[in-house]
Amino acid sequence: MEPGEYTNQEIHSQPEAWAAALALLNEMRTTIEGIQPASRFDQIIFTGCGSTYYLSMSAAALNQELTGLACRAFPASELWHYPLSSYTKGKTLLVAVSRSGETTETLRACEAFLDKGIGELLTLSCYGDKPLAKMGTFNIVLPSGQERSVAQTRAFSTLYLATVALACLWAGSNGSFSQLSQLPDDGSRMLKNYAGFSADLGADPGFDRFYWLGSGARYGLACELSLKMKEMSLTHSEPFHFMEFRHGPKSMVTPTSLVIGLRSTSNGSQESAVLRDVKDLGGRTVDIAETGSDVRFESGLEEALQNILFLPVGQMIAYARSISKGLNPDHPTNLDSVVRLS
Ligand code: F1P
């Protein structure tokens, strides 16, 4: 077994995992639509730990953007330990996300939520035989996201895709839901077209710090990609909202910095200007966007549906850096695939 073999395979098989997940979500479509959060709940809270917390952040932003309903994200430990600062008075739909379905904090947060009768629980996970998959009023299990490596890549994007599908269906946007079916092809193209580019950047010993910029629903994804860089390659890496980068973090820019922008089209010129500032300060940048950028989706999709396409390039850069440093991305230092508390 070569170091990183599992992670590499998991990164490159994401399009097939997405297609399988979409087929399953399509089968569950009537059930998902029947949840009707806008008329039955006052808010949606998304929760998870680590990667699945970052996923929750992006899912909450996107669901609020598409449905107009109040959506927030909390780490499961915060819901469990600080319910008063998390829940509001109204009825809550809790969406709990976990690759393993057995992270203690997520299970405890869900148990406490159900005990207190705060609302209904929808779970999203990858293993049908694990405890989380049996806890909800609604349980969506996506086996195509299962992984053998510790750091989440395929699980993250597959579970994330499910939250995008939920947003489309809960917003009543059948057209958007149908458009998701082109993502596996778009993802394959990104993996193929940018494999060499990502490998070169990841293996470049000239960088010693990475910053990931993303706003709106892209902030949670910037957090996740930054975490990938830390976990897999033990490199200094931080995420920021685009415009926040000028409010302090830019003092850290050096010629050995790589700033990777998960850029929108809607606020593209303001966000491009931040990347230009980085260049003026002597740092290097990678602009990832639908079009007119270093890395281009050219998907033709509406902006909210493009987000998942930011993931493959970032994952490949982190993977390449890990390998080039002689590490094993399948087994990040000091990490277990599941955090179980006694
Ligand atoms: C959450 C998680 C992982 C992370 C690490 C520890 O797991 O934080 O994201 O990579 O392995 O656990 P899960 O609840 O999504 O299974």
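No experiment lies behind these values; they were computed from the predicted model shown. Residue numbers restart at each chain and count upward from 1, following the sequence in its written direction. Totals for whole chains, interfaces and linings use all residues, but because this is a predicted model, local features are given only for residues with pLDDT of at least 70 and pairs of side-chain atoms are given and counted only at 80 or more. To get the side-chain values, take all heavy atoms of the structure and skip hydrogens and water.

(A) Expanded view of the overall build of the protein chain. Along its length, the protein chain carries 15 helices and 10 strands. Every radius of gyration here is taken over C-alpha atoms, with the globule rule written as 2.2 Å times N^0.38, N being the number of residues. Radius of gyration (C-alpha) of the protein chain: 19 Å, near the 20 Å computed for a compact globule of 342 residues. In terms of overall dimensions, the protein chain has a C-alpha envelope of 55 × 45 × 40 Å along the principal axes. In the protein chain, which comprises 342 residues, the share counted as buried stands at 58%. Note on definitions: a residue-residue contact is assigned when non-hydrogen atoms from the two residues lie within 4.5 Å. Residue pairs in contact within the protein chain that sit at least 24 positions apart in sequence constitute 75% of those at least 6 positions apart. Methods summary: accessible areas were calculated by the Shrake-Rupley approach with a probe of 1.4 Å, and residue burial reflects only the protein chains presented. For the protein chain, the exposed area adds up to about 13300 Å²; of that, 49% sits on carbon and sulfur atoms. Here the protein chain holds 28 positive side-chain charges and 36 negative ones, and the gap between their average locations is 3 Å. Where helices and strands are cited, they refer to DSSP runs of H or I of at least four residues and of E of at least two residues respectively, numbered from the N terminus. Only protein chains enter the accessibility calculation, which uses a 1.4 Å probe; a residue whose area is less than 20% of its type maximum is buried, one above 50% is exposed, and one in between is partly exposed. His is not counted, nor are the chain ends, whereas Lys and Arg count as positive and Asp and Glu as negative. Taken as the charge location is NZ of Lys, CZ of Arg, CG of Asp or CD of Glu.

(B) Representation of the pattern of salt bridges in the model. By definition here, a salt bridge exists when the distance from a side-chain nitrogen of Lys or Arg to a carboxyl oxygen of Asp or Glu is within 4 Å. All told, the structure shown has 15 salt bridges when counted by the stated rule. Across the pair Arg-263 and Asp-287 runs a salt bridge, and its minimum N-O distance is 2.8 Å. Of this pair, Arg-263 sits in the loop between strand E8 (257–262) and helix H13 (268–280) while Asp-287 sits in strand E9 (residues 284–289), and the two are 24 residues apart along the sequence. For Asp-287, a relative accessible area of 11% corresponds to the buried category. Here Glu-298 and Arg-296 are joined by a salt bridge, their closest N and O atoms 3.6 Å apart. Several salt bridges share partner residues, and in doing so they unite Arg-40, Lys-91 and Glu-120 into one network.

(C) Quick look at the site of the ligand. A cutoff of 4 Å decides nearness: a residue is near a molecule or strand if any of its heavy atoms lies inside that distance of it. Near the ligand, the surroundings consist of 14 residues, among which Ser-98, Arg-99, Ser-100, Thr-103 and Asp-336 are the closest. Ser-98 is positioned such that a nitrogen or oxygen atom in its side chain is 2.7 Å from an oxygen atom of the ligand. At 2.9 Å from an oxygen atom of the ligand is found a side-chain nitrogen or oxygen belonging to Gln-152. Surface burial for the ligand is 95%, taken as the share of its 380 Å² of free accessible area covered by protein chains. Under the rule applied, a polar contact is a pair of N or O atoms within 3.5 Å (in protein, one hydrogen donor and one hydrogen acceptor; residues adjacent in sequence only if both atoms are side-chain atoms).

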